[in-house]
Each structure stands twice: as structure tokens, then as C-alpha cells.
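Per-entry structural report
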Amino acid sequence: MRVALHALCSAAGAAWRESFPLRGRDVARWFPGHMAKGLKKMQSSLKLVDCIIEVHDARISFRGCDPVKRCETLGLKPHVLVLNKMDLADLKQQQRYSHAISQNDEPPSMSTVQKTKKIIQHLEGEGLKNVVFTNCVKEENIKQVIPLVRGLVEGSYRYHRGENLEYCAMVIGIPNVGKSSLINALRRQHLGKGKATRVGGEPGITRAVMSRIQVCDRPLMFLLDTPGVLSPRIESVEMGLKLALCGTVLDHLVGEETLADYLLYTLNRHRLFGYVQHYGLDGACDDITSVLKRVAVRLGKTQKVKVFTGTGDVNVIQPNYPAAARDFLRTFRSGLLGPVMLDRDVLQSLPLAAP
């Protein structure tokens, strides 16, 4: 069912939740034991590589990276930051509807070029001077990676690897940001070969530091795929929820309905109402129970529940809220609800990028 434009415009002018309840939520248990083991292996393998390729999710460009891991690698080896999934990040015009709906409306958003410039300039201020935005699915900007790595390695001192003719880089990052996808995309671009590493839509697919994978023959270059590693200390509960929305931790550790509620809160705060059109809802809503109920009914995700009454047992059809929450999250992560910049608050606080 197609929702009329005026309904979405009314939603854009509505008042949404200003905050999300974070009390009583613990992010410490989101750090699985295998990550500590993987981090030790990665540290011991640093002497075998010439460069570090850090892959991160463009939707959380400024947050979520492991500062301990980054400090250990920056300054020791050349470093490239690949902000992947650029197609899922809102780097284009955010407001698709009228800006004259309400006095509370935000001003028109920046262009793609302005946003990427602001992100890059901010990251450069943190010492990250080699940044590439990519979309591994459509192989956007993939061709920039190998020449950048080659130039950095050739311009640096290779320590005891100076006699090696081939280059070797280690691919690091938090879970489910596309490290294996990047390796496979580079192989397709430069070798014309298929997948060398398994790719999945949830964290934990790569569990061990693998043997070297060739991605290019001119120059001869190998990459080490590594397991995703989160920081043992996530800076805040809200940062943990943003990481979870990007699929870096298993949903059941956070709670699928809690995560769906945070997603709804985020979409409404950003005035992104693609979920209304996608699910054919009557309008935008800030109550997750109501939204999941309508989603479940729309998708036929219902379940029979036995209710005990004074006259006997009665079977009642109820919405399957967990199933609806899982579909809501899956739809968001696949980009069907439109691109979102989860670090929008940080981006808006930065000064305008220099031309």
C-alpha cells in the first residue's frame, strides 16, 4: 500500500522521543571470549605484515573502533581506514520531504561531498590520514585500496621485511563490517577470482587469523583476514546499541525487541520514515509495541497462545513480536528502509569542511 506524501509530511512535523532509556543495560557481557584469543593472535602476527587495513562501518564513522588496538598499530605500521557500507550510510540529502512543515524542522542537510569531507577532516585530526569510503557489494571505490596500500608501504621503512618482494597487509576491524567482503572484492577486481573467505550477515563468521590470501599479482600482495574484535570496554550503552544495530554483536545478547525499539527511536529522530512505506503502515509511530504488532499482522507472523479461563482453555491468535522485531532489524540492515547515519549527532557538531 502506498502511503500518501502528506501523511509522511505530517509525521516529519510530529514530536518524537528526545531520549532513549538506557538504565539497567549492561554492555560488558557483549565481549565474547574468542575475541581476546583472536586479539592475541593478531598482535603476534603484526611483525609479518607491512600495512594495517582497518575496516569500519560508515554509519558509525567516528565511534566503535577499538582505541587500544588502534594505538598499538598506528605509528608502527602504515594504516588505511576503509569505511565500508557507504551505501547504507546517509551521505546524501537526508530530508526527502518539505522543510517548511514546522518551525522545529532541521535545515536542509549537507551534500554527499560536504559530509564525506567533514568525516575525513575529523578523522585526519585524529591521525587517520588515509581514508577510503567503499561499498564492497557493488565494488565502489575498491580500486583505490591496493594503490594506496602500495604507496604507503613503498614510502615506509619495512624493518626486517625489506627483502620480501611481496606485500602483506592485515585486515582488522570490529565484527560484521565487511572485512571478508573487502578481501573477496579485491580478489575479483585484481585476480578475477571468486570468494576466498566466508561472508555472513552476523558477527562471528571469521573466528581465526587465517593463512595469507592473495588479492593481487601486480604488485604481488597478500592479506590476512582476522576475526572481528570489539573493544572490551564499550564507551557507553548507547554506543553499544549503535554497534548492535550495525550487527556487530548477536541480537539476542541485547534483546531483539529492545534493539528494534532503539531503531524506531533513531529513524523517527532522524525523520526517516521509510519503514512506513515499506510495511504499508497507516503512519509513523513512536511506540514499538504498536509498530511490531502492525508489522507482525502485515507479514502474517502470528502465533497461537493458550489462555486459561474459568470456562476452559481458549486458543488466541497473537502477534509474534520477536519475529516482527527480527524482520524489522533485517530490513534495516539490508538497506530497504533507506540509508542512515547513526553518528549524525557527531557529524552535525563538526565545523563545516573547508572547500
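Note that the structure is a prediction, hence the values are computed from the model and not measured.

From N to C terminus, the protein includes 13 helices and eight strands. Put simply, the protein has 355 residues, and 50% of those count as buried. In the protein, of all internal contacts separated by at least 6 residues, the share reaching a separation of at least 24 is 73%. When the accessible surface of the protein is split by element, carbon and sulfur atoms take 52% of a total near 17200 Å².

Now for the pairing of strand S5 (residues 213–217). When S5 meets strand S6 (residues 220–225), the two strands line up antiparallel, connected through four bridges. Note on S6: the bridge partner recorded for Gln214 is Phe222. What sits between S5 and S6 in their antiparallel hairpin is a turn of two residues.

Attention shifts here to the pairing of strand S2 (residues 79–84). Regular strands place side chains that alternate from one sheet face to the opposite one. With six of six residues buried, S2 lies mostly within the body of the structure. Side chains His79, Leu81 and Leu83 project from S2 onto one buried face, and the interleaved Val80, Val82 and Asn84 project onto a second face that is buried too. With six bridges connecting them, strand S1 (residues 51–57) and S2 associate as parallel partners. Bridge pairing in S2 places Val55 opposite Val82. Two elements, S2 and strand S3 (residues 131–133), share three bridges in a ladder whose sense is parallel. The residue of S3 that forms the bridge with Leu83 is Phe133.

The final tally for this structure, using the stated rule, is 12 salt bridges. Residues Arg17 and Asp261 are paired through a salt bridge, measuring 3.0 Å at the closest nitrogen-oxygen approach. With Arg17 in the loop between helix H1 (5–12) and helix H2 (33–45) and Asp261 in helix H9 (residues 256–269), this pair connects stretches of sequence that are 244 residues apart. With a relative accessible area of 22%, Arg17 lands in the partly exposed category. Overlapping salt bridges, with partners in common, bring together Arg17, Asp261 and Asp286 in one network.

Another point: the nonpolar core. If you look at the biggest cluster of nonpolar residues, it comprises 66 residues, and the most contacted ones within it are Ile53, Leu182, Tyr275 and Phe328. Looking at which element gives the most residues to this core, the answer is H9, with seven residues. If near-sequence neighbours (up to four positions away) are discounted, Phe328 is found in contact with Ala260, Leu263, Leu264, Leu267, Tyr275, Tyr279, Ile288 and Leu337.

Mean pLDDT over the protein works out to 81, with 77% of the residues at or above the 70 mark. In this model, residues 1–7 is a region of pLDDT below 50 whose contacts with residues beyond four sequence positions or in other chains number 10 contacts.

The rules behind these values
- Starting from 1, residues in each chain are numbered consecutively following that chain's sequence as written.
- In keeping with the predicted nature of the model, local features appear solely for residues at pLDDT of at least 70, side-chain atom pairs appear and are counted solely at 80 or more, and the whole-chain, interface and lining totals rest on all residues.
- Working from all heavy atoms in the structure, the side-chain values ignore hydrogens and water.
- Strands are runs of DSSP state E lasting at least two residues, helices are runs of H or I lasting at least four, and both sets are numbered from the N terminus onward.
- Burial classes: relative accessible area under 20% of the type maximum marks a residue as buried, over 50% as exposed, and values in between as partly exposed (1.4 Å probe, protein chains only).
- For this analysis, residues touch if any pair of their heavy atoms sits within 4.5 Å.
- Note that accessible areas follow from Shrake-Rupley with a 1.4 Å probe, and for residues the cover is restricted to the protein chains shown.
- Pairing between strands is defined by DSSP: at least two bridges between the two strands are required.
- Definition used for salt bridges: Asp or Glu carboxyl oxygen within 4 Å of a side-chain nitrogen of Lys or Arg.
- Throughout this description, the term nonpolar core refers to a set of buried Ala, Val, Leu, Ile, Met, Phe, Trp, Tyr and Cys residues connected via side-chain atoms within 4.5 Å.
- Every residue gets a pLDDT, meaning the predictor's confidence in that residue, from 0 to 100.

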